Amino acid sequence: MTFRRYAREVLEDVAEIGDTVWDTLDGYWRELSELGQDPARTRQGIVAACSVMLATTLALALQLESPWWAAISGFMSLMSTGAGSLRRGLLRLIGTIAGAVLAFIMARWLPYDPFALYLCLAAVTMLGVVAMQVSPHGLAWLFVSITFSLVMLSSLNDPQQAFELGCYRTLEVAVGVGSAIIVANLLQDWHIDPPPTVPGWRHLFGAQWPVVLHAVRSAIAVVAVMMIWIMIDLPQVTEMAITVAVVMAAPIAAGGGLATRHAVAVRSIHRVMGCLIGGLIALGCLALDVTAFPWWLAMIGAAVWIGMHVQVGTHGVSYVGTQAAFVFIVTMIQGAAPPDSIMPGIDRFAGITGGLAILLVVSLLLWPDDAEPAEAR
């Protein structure tokens, strides 16, 4: 009887995943069919494309170590107004600086103690996830977590590099944030939006216990994915760390309820599908062997414009657009010039996809089904 119930639940999960995939593809196609129809969305896409192209050009001119991270920062720092982009960019930069400093301090002993490393990563992840839900400056806390994980994992083989890596990550984010602020305030309206309404840090073990529970599950998932990743020696550990941290910082259920397995699984599936869409398109562009800088930059701008169009869309697949643009940028921008080989892009794409696949399985195992939160209430 138990086996039959288990088999039925597995089949239901598979069917639910199939339905989610179909709905996502349908929503994404609807978004593409509306390209250019809404002037506001078109304008937002143009702003994003210009921001990323400017950040990429500046990062390459400054010979930064990871110009793709500057481009990502230029994309992710944008809001619908100049004032909103300024606030978001500054929070991102402040969180990055704090995370880099924390990683530099902890790199003196954490790389030599795996248990302490995982414990610290779990604690920082929990802090970032909780703060993202309850603090008006949640984005800064989130990037403390992301930057700490990124710098720490990148310096595991050589802890002496932690300071240099932290400096490079900060410079790259500063270039991306600066580009976003410049472009947004040139091409967008300036008006200050009201501050976000958040519950604050009180009652974490009372009314806000679901937030803490969500953070605990997030921390377990992040550590589990990292352990599996390192154990099987897959490439691109740093990209995996960013992917996991951003996914697990996704908001809990609307209204402050418990996050369910369905909600987290849908978020993860959207990210996997966005990854596949953006990565495959990027690999197709790399296969064209375009080494002329203007054309290469134009391809990046066009992909970002489409990604932003989907991100601000109305068909429920916004996260697919975000992830597709993210992975396209990461795959296309590999060094100090347009890539002359497709192989590094394949390795990077495989790294991110592998991390997301592991994350999807871990999420399905850790998060409760829809009935459990209802029973808890």
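Here is what the cut-offs are and how they apply
- Residues numbered from 1 in each chain as written.
- Predicted model: local features only at pLDDT ≥ 70, side-chain atom pairs only at ≥ 80, totals over all residues.
- Heavy atoms only, no water.
- Helix = DSSP H or I, 4+ residues; strand = E, 2+ residues; numbered from the N terminus.
- Buried < 20%, exposed > 50% of the residue type's maximum accessible area, 1.4 Å probe, protein only.
- Contact = heavy atoms within 4.5 Å.
- Core = buried A, V, L, I, M, F, W, Y, C linked by side-chain atoms within 4.5 Å.
- Polar contact = N/O pair within 3.5 Å; in protein donor to acceptor, adjacent residues only side chain to side chain.
- pLDDT = per-residue confidence, 0-100.
- Axes fitted to C-alpha atoms, helices over the stretch in contact; angles between N-to-C directions.
- Parallel < 35°, antiparallel > 145°, perpendicular 65-115°, else oblique.
- Left-handed = near helix turned anticlockwise from the far one by under 90°.
- Nonpolar A, V, L, I, M, F, W, Y, C, P; charged D, E, K, R; others polar.
- Salt bridge = Lys/Arg side-chain N within 4 Å of Asp/Glu carboxyl O.
- Expected span 1.5 Å × (residues − 1).
- Phe/Tyr/Trp six-rings, centres within 6.5 Å; stacked < 30°, edge-to-face > 60°.
- Lys NZ or Arg CZ within 6 Å of the ring centre and 35° of its normal.

A closer look at the overall build of the protein
Scanning the protein for helices and strands turns up 14 helices and 0 strands. Counting helices and strands in the order they occur from the N terminus, the protein gives α-α-α-α-α-α-α-α-α-α-α-α-α-α. Residues classed as buried in the protein amount to 51% of the 377 residues present. Counted over contacts in the protein with a minimum sequence separation of 6, partners at least 24 positions apart contribute 82%.

Looking at the nonpolar core
Grouped together as the largest cluster of nonpolar side chains are 43 residues, with contacts concentrated most on W69, I300, I329 and M332. Of all the elements, helix α12 (residues 318–332) adds the most residues to this core, at 7 residues. Grouped together as the second largest cluster of nonpolar side chains are 20 residues, Y118, L121, V222 and M226 included.

Brief notes about the side chain of T96
Residue placement: T96 occurs in helix α4 (residues 82–106). By relative accessible area, which is 1% here, T96 ends up buried. Of the polar contacts made by the side chain of T96, one reaches the backbone oxygen of R92; its length is 2.8 Å. In this structure T96 touches F143, T147, R169, T170 and V173, once residues within four positions along its chain are discounted.

Overview of the confidence of the model for the protein
When pLDDT is averaged along the protein, the result is 78; 75% of the residues meet or exceed 70. Contacts for the low-pLDDT stretch residues 251–258, under 50 throughout, to residues beyond four places or in other chains number 15 contacts. Predicted confidence for residues 371–377 stays below pLDDT 50, and this span has 4 contacts to residues more than four positions away or in other chains.

A look at the packing of helix α2 (residues 39–61) against helix α11 (residues 293–311)
One can describe the packing of α2 onto α11 by two numbers: an axis separation of 8 Å at closest approach and a directional angle of 140°. The orientation of α2 relative to α11 falls into the category oblique. The handedness of the crossing between α2 and α11 comes out as right-handed. The residues of α11 that touch α2, namely those facing R41, T42, Q44, G45, I46, A48, A49, V52, M53, T56, T57 and L60, are F293, W296, L297, I300, G301, V304, W305, M308 and H309. Its residues placed into classes, the contact of α2 with α11 shows 13 nonpolar, 7 polar and 1 charged.

Comments concerning the pattern of salt bridges
Summed over all chains, the structure comprises 5 salt bridges. In this structure, D26 engages R30 in a salt bridge whose closest nitrogen and oxygen atoms are separated by 3.0 Å. One end of the pair is D26 and the other is R30, both in helix α1 (residues 2–33) and 4 residues apart, which spans about a single turn. Accessibility expressed as a relative area gives 42% for R30, which makes it partly exposed. Between E172 and R169 there is a salt bridge; the shortest N-O distance is 2.7 Å.

Details of α2
The end-to-end C-alpha distance of α2 is 33 Å, a good match for the 33 Å that 23 residues give at a rise of 1.5 Å each. Sitting at the head of α2, D38 places a side-chain oxygen 3.1 Å from the backbone nitrogen of A40. Note on α2: the residue one or two positions beyond its end, Q63, has a positive phi of about 55°.

Notes on the environment of E31
By the secondary structure assignment, E31 is in helix α1. Separated by 287 residues in the primary sequence, E31 and S318 have C-alpha atoms spaced 9.4 Å apart. Residues in contact with E31, not counting those within four places in the same chain, are R41, H309, V310, G313, T314, H315 and V317. Only 2.6 Å separates the side chain of E31 from the side chain of R41, close enough to count as a polar contact.

Quick word on the environment of M227
On the secondary structure map, M227 appears in helix α8 (residues 209–231). Here the alpha-carbon distance between M227 and Y118, two residues 109 residues apart in the chain, equals 8.4 Å.

A few points about the packing of aromatic side chains
A ring pair, where both rings are aromatic, is described by two values, the distance of the centres and the angle of the planes. On inspection of all chains with the given rule, the structure shows 3 aromatic pairs. A cation over a ring is seen here: R92 above W69, with NZ or CZ 5.4 Å from the ring centre.

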